[in-house]
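Summary of the model geometry
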Amino acid sequence: DPQQIELISASKRKLRRFIVIDEVVDKLYGSKVRRYFEENNVQHKILALPTTEETKSMDLVLNILHEVQNFSLDRRTEPIIAIGGGVCLDIVGLAASLYRRRTPYIRVPTTLLSYVDASVGAKNGVNFLQCKNKLGGYTPPVASFLDRSFIRSIPRRHISNGLGEILKMALMKHKGLFDLLKSHGKYLLDTKFQSCNGLADHGDAALQTTRIAIETMLEELAPNLWEDDLDRLVDFGHLISPELEMRVLPSLMHGEAVNVDMAFMTYVAHARGLLDAEEKEQILQCMRGLELPVWHSGCSWALIQRALRERLKHSGGQPRMPLPTGLGVAEIFNDTSEETLERAYELWVRD
């Protein structure tokens, strides 16, 4: 808003910013971030923290809030800035929503997963009593700043991890995105989602893939930001994975756990006759090409049953199971029998 810029420029008060940055990101980019604020004459406090699933707790939120209070932040004009992966963005979002009831915050995702997933929507939260994101709320950021150059420095496995959430949107809503992942998956892993010149056969696959993933995610989330409607295609891969991820920490990353869930649900869709054998194989082949796990020993039949029982408690007594009905199309089902699930599980384990 030009008027706001004019007011800020005319103000004698020095600009101030409170920044929470993941400690790994701080080692890589901290000096650049500090230099940026110094060159723009912004008074700032940078808090570097270990933001992992194991540390994603109210203790860390309270730690942030103590520092925010000491900084004497003005919640009307001084947004908190979160720079890091999805865990960092979730924790800071919750802290901001609690401080003086609602303090604005800005998300700067630094991993592929957070770029296409945590940067979009309103949710924030922390783990509680060994349950994933059990405490949290719905407070959207005032902005998300997306810069793919951060992704250059993350390990290959983290790229693959982010591709799990992109594949989710492809299977639920966009055949073209599925085809992009199938054709360019290895290239995207090799180039770490950077836009490279001189590779005409791939076009700008990185830009196309991330843009479609975010657009399809927004299409699903924007009309249902507060989750009043519990029938959500974006829940694909998230029926069993929360239980699995917390049970086997730290052996599976979030996108990997989601993909194990999606692989099982692909077998469920096949067992129900929604996918033919060729479509099922295309999906599994794409997953392997993206270097994602399609099975995990921790995903036992007992864990699946427990996770689905937990699902019923929080989804109005219905499983609300999103399943692919083809490549890039899906529906929500409430009538999958125990027998079908068990048959799908046996085929999945056998394969």
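An unreviewed UniProt entry annotates the protein chain as ARO1 protein of Grantiella picta. Listed in UniProt under the heading Cofactor (unreviewed entry), the comment for the protein chain reads: "NAD(+)".

Further remarks concern the packing of helix H3 (residues 58-71) against helix H4 (residues 86-98). Packed helices, taken two at a time, are described by the angle their axes make and the gap between the axes. Relative to each other, H3 and H4 sit at 55°, their axes nearing to 9 Å. Between H3 and H4, the angle is such that the two are oblique. For the element pair H3 and H4, the recorded crossing hand is right-handed. Counting all contacts with H3, which are made through Met58, Leu60, Val61, Ile64 and Leu65, the residues of H4 involved are Ile91, Val92, Leu94, Ala95 and Leu98. Split by residue class, the contact of H3 with H4 holds 10 nonpolar, no polar and no charged.

Let's shift gears to the sheet that holds strand S1 (residues 16-22). Where strands meet in a sheet, backbone hydrogen bonds hold them as pairs that are either parallel or antiparallel. Spatial ordering of the open sheet is given by S2-S1-S3-S4-S7, a layout of five strands whose pairing is parallel. Unpaired on one side and paired on the other, strand S2 (43-49) and strand S7 (143-144) mark the two borders of the sheet. Where S1 and strand S3 (residues 80-84) come together, four bridges link them in parallel fashion. Within S3, the residue paired with valine 20 across the bridge is alanine 82.

So, on to the domain arrangement of the protein chain. On domain assignment, one finds that the protein chain holds domain 1 (2-152) and domain 2 (155-224 + 232-350). When each unit is reduced to the centre of its C-alpha atoms, the spacing between domain 1 and domain 2 is 28 Å. Opposite the 20 residues of domain 1 that make contact, domain 2 presents 28 residues. Here domain 1 packs against domain 2, burying approximately 2,000 Å² in sum over the two surfaces, 68% of which is carbon and sulfur. The largest share of the area that domain 1 buries against domain 2 comes from Leu112, Leu113 and Arg148, three residues that together contribute 31% of it. Note that lysine 132 and glutamate 245 form a salt bridge whose closest N and O atoms lie 3.3 Å from each other. At the boundary of domain 1 and domain 2, one finds four residue pairs in polar contact (both at pLDDT 80 or more).

Attention now moves to the packing of aromatic side chains. Considering all chains together, one arrives at eight aromatic pairs under this definition. Each ring, one from phenylalanine 264 and one from tryptophan 348, has its centre 5.3 Å from the other, and the planes form 45°; the classification is tilted. Within this pair, whereas phenylalanine 264 is found in helix H10 (residues 254-271), its partner tryptophan 348 is found in helix H13 (residues 338-350), the two being separated by 84 residues in sequence. For the pair phenylalanine 264 and tryptophan 348, one class covers both residues: buried. Ring-pair connections join several aromatic residues into one group, and the members of that group are Phe264, Trp301, Tyr345 and Trp348. The residue whose ring lies beneath arginine 16 is phenylalanine 71, and the NZ or CZ to ring-centre distance is 4.1 Å.

Definitions and limits used
- Residues numbered from 1 in each chain as written.
- Predicted model: local features only at pLDDT ≥ 70, side-chain atom pairs only at ≥ 80, totals over all residues.
- Heavy atoms only, no water.
- UniProt positions renumbered as here; feature names shortened; annotations may be inferred.
- Axes fitted to C-alpha atoms, helices over the stretch in contact; angles between N-to-C directions.
- Helix = DSSP H or I, 4+ residues; strand = E, 2+ residues; numbered from the N terminus.
- Parallel < 35°, antiparallel > 145°, perpendicular 65-115°, else oblique.
- Left-handed = near helix turned anticlockwise from the far one by under 90°.
- Contact = heavy atoms within 4.5 Å.
- Nonpolar A, V, L, I, M, F, W, Y, C, P; charged D, E, K, R; others polar.
- Pairing = 2+ DSSP bridges.
- Domains from an automatic or database assignment.
- Buried area = accessible area lost by both parts, 1.4 Å probe.
- Salt bridge = Lys/Arg side-chain N within 4 Å of Asp/Glu carboxyl O.
- Polar contact = N/O pair within 3.5 Å; in protein donor to acceptor, adjacent residues only side chain to side chain.
- Phe/Tyr/Trp six-rings, centres within 6.5 Å; stacked < 30°, edge-to-face > 60°.
- Buried < 20%, exposed > 50% of the residue type's maximum accessible area, 1.4 Å probe, protein only.
- Lys NZ or Arg CZ within 6 Å of the ring centre and 35° of its normal.

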